[in-house]
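# Secondary and tertiary structure notes
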Amino acid sequence: MQFGIFTVGDVTTDPTNNTTPTENERIKAILTIAQKAEEVGLDVFALGEHHNEPFVPSSPTTMLGYVAAKTEKLLLSTATTLITTNDPVKIAEDYAMLQHLADGRVDLMMGRGNTGPVYPWFGKDIRQGIPLAIENYALLRRLWDEKVVDWEGQFRTPLQGFTSTPRPLDDVAPFVWHGSIRSPEIAEQAAYYGDGFFANHIFWPKEHFQRLIAFYRQRFEHYGHGAADQAFVGLGGQVFMAKNSQDAVKQFRPYFDNAPVYGHGPSLEDFTEQTPLTVGSPQQVIDRTLTFRETFGDYQRQLFLMDHAGLPLKAVLEQLDMLGELVVPVLRKELDAKRPAHVPDGPTHASEIERMASRRVAKAVQDAEAQSSVAAEAARVGQGA
C-alpha cells in the first residue's frame, strides 16, 4: 500500500491574517513540502498541472526534477498531467527524461483538467475532451512502447518514422493512472490498457465513485489483465488534524469557508459528512480512511490533500508530521494485513519491469499457440487434398 500527498499548488490568501504568499514563496513551499513527505516516511508526492491563476505548477516535470535531486526514495507523480492539451510527444519525452533523472521513481496520472478556458489557450476544443484524451493517450503509449512510430490521427500532425527520446528507463514506461471524477470513458480507457484508475473522491459522495471503480474493475478483468480485485485503484482524500477534534474544526473552519474550490458553499459539517474530508483527531482520520477499503475494496494508493486553501507552510509541515508519525503507520499495518496475497501492491518501476516481462511471455505463448494452430490447420487441409 502506498501513501502520499498531492498538491494543486494554489496561491490562496490566508483568511486568518489576510496575507498572500508570492508565487515564488508558494513554489518554494511546495518543494519544501515534497521533501518533508519523504522525511516523515510517505511513499508518494504528486503535483498538479495548471495554467491559470491562482495556481503555480505549470511545469510539473521541472519541479519534480528538482524534488528527484533532493530525495532518495520518494515516488514522484502528477495530479494530473493534462493529456488533452499537452502534445503526447512532449509528454513521452519529458516523463521518460524524468524517469532517468529519478532512477525510475516516477509515474503519472492522466486527466482532462477542470478548467474550460485552458483548451483554447492550447488550440484545443473542450467539446472534444474525451476524443482528445483517447487519441492522445493511444499515441503516447505507442511512443513509449515502440521505438519507431508511424502515426496519423485527428488532432495533431502525422508522424513518420519518429522515435521519442530518451527511451523509457529499462524500456519500461512509467506506470500510468487515469484520473476522473465523472467519466466512465476514462475508466474504460484505464481498464483497456491495464493501467490504474485514480478516483479523487474529495468532492462528490462515495456512491458515485463506487460505481466508477466497480465499472473499471469489471472492465479490467474483461480485458484479461487479471481478476477485478487485482485492478490498480488509487483514492484521494483530504484531512486536517489536531490533538482533539474540536480544535481541528476551529482551526480549519476559516480555511474551508474561504477555499477557492469549495468555499462559500456547503458547510464544513455537511461537506465532511458527504465527502471524505476529515477534520478531527489523528484517530478519527485513521477510522475514516479505513472505511475506504470497505467501500471500494482493496486498493493500492492513498493520497491526501494537505496544503490547500491558504494554510501556512508551518501548519502544513505540522500536519505532515502527524500524518507520518500517527496516521500512516497504523493505516499501513491495518490495510496490508487485510489485503489478500493475490492483490498487488502499489506499482513501482521494479514491479512494472516484472509485469511487462510477464506480458511479453504471455504474448509469446499466445503467438506460438496461434502459429501451431495455423500449422495444424494447414497440415489437415494438405492431408485432405
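Everything numeric in this text was worked out from a predicted model, so none of it was measured. (Residues numbered from 1 in each chain as written. Predicted model: local features only at pLDDT ≥ 70, side-chain atom pairs only at ≥ 80, totals over all residues. Heavy atoms only, no water.)

## A word on the pattern of salt bridges
Oppositely charged side chains can form a pair if their charged atoms are brought close together. One pass over the structure, following the stated rule, counts 19 salt bridges. A salt bridge links D107 to R301; its shortest N-O distance comes to 2.7 Å. Residue D107 is located in strand 5 (residues 107–111), and its partner R301 is located in strand 12 (residues 301–305); the two are separated by 194 residues in the primary sequence. Summarising the burial analysis for this pair, D107 and R301 share the class buried. In this structure, the salt-bridge partner of D298 is R293, at a minimum N-O distance of 2.7 Å. (Salt bridge = Lys/Arg side-chain N within 4 Å of Asp/Glu carboxyl O. Helix = DSSP H or I, 4+ residues; strand = E, 2+ residues; numbered from the N terminus. Buried < 20%, exposed > 50% of the residue type's maximum accessible area, 1.4 Å probe, protein only.)

## A look at the packing of aromatic side chains
The final tally for this structure, using the stated rule, is eleven aromatic pairs. An aromatic cluster is present here, built from F175, W177, F197, F198, Y216, F220 and F232 joined pairwise through their rings. (Phe/Tyr/Trp six-rings, centres within 6.5 Å; stacked < 30°, edge-to-face > 60°.)

## A short note on the domain arrangement of the protein chain
Taken as a whole, the protein chain is organised into domain 1 (2–347) and domain 2 (352–385). Here the C-alpha centre of domain 2 lies 40 Å away from the C-alpha centre of domain 1. Seen at the junction of domain 1 and domain 2, the total is zero salt bridges. Taken together, domain 1 and domain 2 are joined by one residue pair in polar contact (both at pLDDT 80 or more). (Domains from an automatic or database assignment. Polar contact = N/O pair within 3.5 Å; in protein donor to acceptor, adjacent residues only side chain to side chain.)

## What to know about unusual backbone geometry
Residues E53 and P54 are joined by a peptide bond in cis, for which omega reads 10 degrees. Backbone torsion omega between T165 and P166 reads -5 degrees, so that peptide bond is classified as cis. Considering the arrangement of structural elements, one finds P166 in the loop between strand 7 (159–162) and strand 8 (175–179). Within the chain, D171 stands out as a residue other than glycine whose phi angle is a positive 60 degrees. If you trace the backbone, D171 turns up in the loop between strand 7 and strand 8. You can call D171 exposed: its relative accessible area is 59%. Positive phi outside glycine occurs at A309, with the angle close to 70 degrees. Among the secondary structure elements, A309 is positioned in the loop between strand 12 and helix 11 (313–338).

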